[in-house]
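# Analysis of the macromolecular model
Residues per chain are reported as follows:
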Amino acid sequence: MPESIKKLGKVFANLTPFKIGILTTLIFSLFVSVQYYNLTPQDSPRILERIHHVLSDFKMQTKGPTSPNNSIVLLVIDSEATDNIGKWPWSRSRMADIVERLMAYGANIIGFDILFSGSENAEALKYLEYLRGQTSDTESLGLINRAIRKLNTDIQFSRAIERHSESLIMAGAWKESSSQLYPYQEICQQTITLNDPNYLVLENDQRHLVSVDNYPINPPEFLYSLFEQELTQIEDSIKERYSSENRWSRRNKTQRAILKSQEEFCSQWLTSNSDPLIQILKDTWGSIQESDSSLKEISPNKFIDDFKNSVPKNLVPYTGNWVVNTGIISQGTKFSAFFNIPKDSDGITRKVPLVVRWGELFLPSLALKTAMLKEQLGSSVVMEQHTITGNKFISTLSLTNLDTGENTTPIPTDSRGNLYINFSGPSYTYPHMRASELFNESDKSEITKLLNGRIEQMSISKSRYIRDKTFLIGLRDSKNYIQTPFDKKFLKLEAHANIIGNILDKNFLTHNVTLEAPWMLAALLLIGITFSCFLSQIRIFYGFLLSLFLASVIYLLDFFLLYKNGTLVNVSLPILLVFFVFLILTWFRKSNEVHEKKHNQKNGLNLKDPLSLKTSDPTPKQSNLSNRTNSSEKLVL
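Calculation notes
- The residue count restarts for each chain, going from 1 along the sequence in the order it is written.
- A pLDDT threshold of at least 70 governs which residues receive local features in this predicted model, and a stricter bar of 80 or more applies before side-chain atom pairs are shown or counted, although totals over entire chains, interfaces and linings include all residues.
- Water and hydrogen atoms play no part in the side-chain values, which are based on all heavy atoms of the structure.
- Only DSSP runs of H or I reaching four residues or more are called helices, and only runs of E reaching two or more are called strands; each is numbered from the N terminus.
- Note on exposure labels: buried denotes an accessible area under 20% of the residue type's maximum, exposed denotes more than 50%, and partly exposed covers the range between, all computed with a 1.4 Å probe on protein chains only.
- Here a patch means residues that are over 30% exposed by relative accessible area and free of salt bridges, tied together within 9 Å if like-charged and within 5 Å if nonpolar (Val, Leu, Ile, Met, Phe, Trp, Tyr).
- Only the protein chains shown count as covering a residue, and every accessible area follows the Shrake-Rupley method with a 1.4 Å probe.
- Within this document, salt bridges are pairs made up of a side-chain nitrogen of Lys or Arg and a carboxyl oxygen of Asp or Glu, the two lying within 4 Å of each other.
- Working definition: rings of Phe, Tyr and Trp (its six-membered ring) pair if their centres are within 6.5 Å, and the pair is stacked with planes under 30 degrees apart, edge-to-face with planes over 60 apart, and tilted otherwise.
- Contacts between residues were defined by any pair of non-hydrogen atoms, one from each residue, lying within 4.5 Å.
- Helix span is expected to be 1.5 Å times the residue number reduced by one.
- The distinction between a cavity and a pocket rests on a 1 Å grid over the protein atoms alone: a 1.4 Å probe fits inside a cavity but cannot get out, while a pocket stays open yet meets protein on both sides within 12 Å along at least five of seven lines, and a residue with an atom within 4 Å of a point counts as lining.
- Grid points are joined across faces, edges and corners, and a volume is the space filled by probe spheres set on the points.
- Put simply, Ala, Val, Leu, Ile, Met, Phe, Trp, Tyr, Cys and Pro go in the nonpolar bin, Asp, Glu, Lys and Arg in the charged bin, and everything else, Gly too, in the polar bin.
- Here, a strand pair is defined by DSSP locating no fewer than two bridges between the strands.

## Some words on unusual backbone geometry
The step from tryptophan 88 to proline 89 runs through a cis peptide bond, and the omega angle for that step is 10°. Tracing the backbone through its elements, the reader meets proline 89 in the loop between helix 4 (79-85) and helix 5 (92-104). Its identity is not glycine, yet glutamine 376 carries a phi of approximately 55°, on the positive side. Tracing the sequence through the fold places glutamine 376 in the loop between helix 17 (366-375) and strand 10 (378-385). Phi at tyrosine 428 is positive, roughly 70°, even though this residue is not glycine. Relative to the helices and strands, tyrosine 428 is located in the loop between strand 13 (418-420) and strand 14 (432-434). Here tyrosine 428 falls in the buried class, since its relative accessible area comes to 19%.

Here it is, written out as structure tokens:
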């Protein structure tokens, strides 16, 4: 046994309250460093995350509302708007009117938190197209063409988008992948994505989000060729299966079936029990080795294992499916984004992803894209690889001048690209305007806003108020509410507004776990050792008061020195340590008292009247002695 371990064993052989406090501090600090401070926060103990969230929510509520960015307005479609205009969904021609009217009043940017994924009047238009092909009568053709123009509201909306494309953001939604892919299987999935029609819509975006990855992973050419051939065979067999369908039905069914089958293949790629290409690779391994001398001494199984292990996990979320606006609307779109607002495990939204991955693209959120457009900047993501875990993570996300490469606004996200929302306040902190207000004849309108803690309506002039404002358009219904630290019912649209305000005003809530870790561990050791020293010298009741006082001081220092300046740390850790040390030391001292009491009782000690307590100290009988010594009585003081 090493000498240092022997010495450590001697130190704790005769435990004292102070030593117990130090030991408790060391164990707690080690647990926190291993289980909490890592690059995969979702693997950290849920109880620590939960306590951290509760304290963070309390700090945000204590701080109270702050001034929002005055350039952002929410244009909501609520029950009153639908009562005045008509039942939702509104016609695409009506949505085109909204765009035209806002731009006529001088709006700066319009972002849609609404998905137009299906064509409007599609069945009627298909039937009219059929009738037009069946008739040659000039008058009938004229009537049919006029009906088509009237019913084809997608074209009307698309033309409005195209006219104002420099100021419009049309958002879509990503969905979780139906199957969990290993990192190496994402390479296969990216190849499929390149053939997805939605990929072109997002790839043609005019305001770029550039990713800089210094650690790209590319499969060897022979491996890439094998799975590409398999994907091609899947596509050919499905096209042949649907060849008897009519043209319109065949095009849609075939594309969906191809993507589904190819995704199923990718979810099995290079798994020994499912992928048929593994056997093909083994059968052709001899010729592969002849073409690549570096593989001479490597078996096919070892090559597969080495390749799979060489592909690092990317912590930025990879989306399985992407739903965008219908084709004709997307044609005139220059700027695309996603509007997803996820929630934490307890159902409350505190942080949101600003970027996700789809195929080889990094896609921005509606809030990030709006800030990019408003500032006339691009955005860049820099990926790094962790030296210990090997995971790829975001080291820098910022608004960037793409001409000069200058990072103008660094955005403090976590390693996954999540931004903690620094909420300006509860609902209606950002002004709400009903969409129906755009269609009244008067220049006067009303907005609803939180003023002095009360929700009030204000009268405004549309011609003056709308000018140079950024409008976010969305629905107010049960599906579009989220829960925040301020409200149980918070409009999702207003969450976008808060994030945009954070970026434009550089008013961030920064939680840098990597930077926090060494400082927090040092603080835990200092607090634990100092607290143990004092606690071991005082009675339990005063120890409890000291624990409350110390926990309060830690919280207040964190709140006034860090949180109010935009720095979020997990202050629950030192507070937990204080009470943890107090409980362990209290238990230890109580246990010692009980043990000492039992020990004394076992040896005949009368603890109630120690002055009158006498014990015998018998001298062992000596069999070879003729005389016996009587035991002497001693007074126990």
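Additional details are given in the paragraphs that follow.
## Looking at a nonpolar patch on the surface
Taken together, Phe541, Tyr542, Phe544, Leu545 and Leu548 make up a surface patch of nonpolar side chains, about 490 Å² in accessible area. One can find leucine 548 in helix 21 (residues 540-562). When its relative accessible area of 36% is taken as the criterion, leucine 548 is described as partly exposed.

## Structural notes on the packing of aromatic side chains
The tally for this structure, following the rule as stated, stands at 26 aromatic pairs. Plain terms: the ring middles of phenylalanine 222 and tryptophan 285 are 6.2 Å apart, the flat faces sit at 75° to each other, and that makes the pair edge-to-face. Taken together, the residues span a long stretch of sequence, with phenylalanine 222 in helix 11 (residues 221-241) and tryptophan 285 in helix 14 (residues 285-291) at a distance of 63 residues. Residue tryptophan 285 is classed as buried on the basis of its relative accessible area, which comes to 5%. Centre to centre, the rings of phenylalanine 541 and tyrosine 542 are 5.6 Å apart; their planes meet at 70°, and the pair counts as edge-to-face.

## Considering the side chain of lysine 469
Structurally, lysine 469 is set in the loop between helix 18 (462-465) and strand 17 (470-475). In contact with lysine 469, not counting residues within four places along its chain, are Asn70, Ser71, Val73, Ala107, Asn108 and Ile109.

## Looking at the side chain of threonine 25
Inspection of the secondary structure assignment puts threonine 25 in helix 2 (residues 17-35). The buried category is assigned to threonine 25, whose relative accessible area is 1%. Non-local contacts of threonine 25, meaning those with residues more than four positions away in its chain, are made with Leu524, Leu525, Gly528, Ile529, Ser532, Leu577 and Val581.

## Some points on helix 21
Because each turn of an α-helix spans 3.6 residues, side chains separated by three or four positions in sequence point in the same direction. Compared with the 33 Å implied by 1.5 Å per residue over 23 residues, the 32 Å span of helix 21 between its first and last C-alpha is a close match. What helix 21 keeps buried is the set Gly543, Ser547, Ala551, Ile554, Tyr555, Asp558 and Phe559. Residues of helix 21 that are buried in the fold lie against helix 3 (46-63), helix 20 (513-535) and helix 22 (572-602).

## Observations regarding the environment of isoleucine 110
Within the secondary structure, isoleucine 110 sits in strand 2 (residues 109-112). Those residues in contact with isoleucine 110 that lie beyond four places of it in its chain are Val99, Leu102, Met103, Ser167, Leu168, Ile169, Phe471 and Ile473.

## Quick notes on empty space enclosed by the protein
This model, assessed by the stated rule, comprises four cavities of 30 Å³ or more. If you add up the space inside the largest cavity, you get close to 110 Å³. In terms of lining residues, the largest cavity is bounded by 13 residues, among which Ser56, Met60, Arg350, Tyr420 and Leu509 are the most central. Broken down by element, the lining of the largest cavity gets its largest block of residues, five residues, from helix 3. Of the residues contributing to the lining of the largest cavity, the split by class is eight nonpolar, three polar and two charged. By volume, the second largest cavity amounts to about 60 Å³. Forming the boundary of the second largest cavity are Met170, Ala171, Gly172, Val201, Leu202, Trp322, Val324, Asn325, Ser330, Thr333, Ser336 and Ala337. Where the lining of the second largest cavity is concerned, the elements lending two or more residues are strand 3 (168-175), helix 10 (197-203) and strand 6 (336-338). The residue inventory of the lining of the second largest cavity, partitioned by class, reads seven nonpolar, five polar and no charged.

## A short note on the pattern of salt bridges
Counted by the stated rule, this structure contains 17 salt bridges. Among the salt bridges present, the one from glutamate 186 reaches arginine 357, with a minimum N-O distance of 3.0 Å. With glutamate 186 in helix 9 (residues 185-193) and arginine 357 in strand 8 (residues 355-358), the pair connects residues that are 171 residues apart, well separated along the chain. Each of the two residues, glutamate 186 as well as arginine 357, counts as buried. With a closest N to O distance of 3.3 Å, aspartate 344 and lysine 351 form a salt bridge. You can call aspartate 344 buried: its relative accessible area is 11%. One connected set of salt bridges, linked through shared partners, spans Arg50, Asp57, Asp344, Asp346, Arg350 and Lys351.

## What about the pairing of strand 3?
Counted residue by residue, strand 3 has seven buried out of eight residues, so it is predominantly covered. Here three bridges tie strand 2 to strand 3, and the two strands are oriented parallel to one another. When the sheet's bridge partners are listed, isoleucine 110 is paired in strand 3 with leucine 168. When strand 3 meets strand 6, the two strands line up parallel, connected through three bridges. The partner of methionine 170 across the bridge, within strand 6, is serine 336. Relative to strand 5 (residues 321-323), strand 3 runs antiparallel, the two being bridged by three bridges. Following the sheet pairing, alanine 173 is matched in strand 5 by valine 323.

## A word on the environment of tryptophan 358
With respect to the helices and strands, the residue tryptophan 358 is situated in strand 8. Residues tryptophan 358 and tryptophan 174 lie 184 residues apart in sequence; the distance between their C-alpha atoms is 8.9 Å. Apart from residues no more than four positions distant in its own chain, tryptophan 358 is found in contact with Thr193, Asp196, Asn198, Tyr199, Leu202, Thr319, Gly320, Asn321, Trp322 and Leu363.

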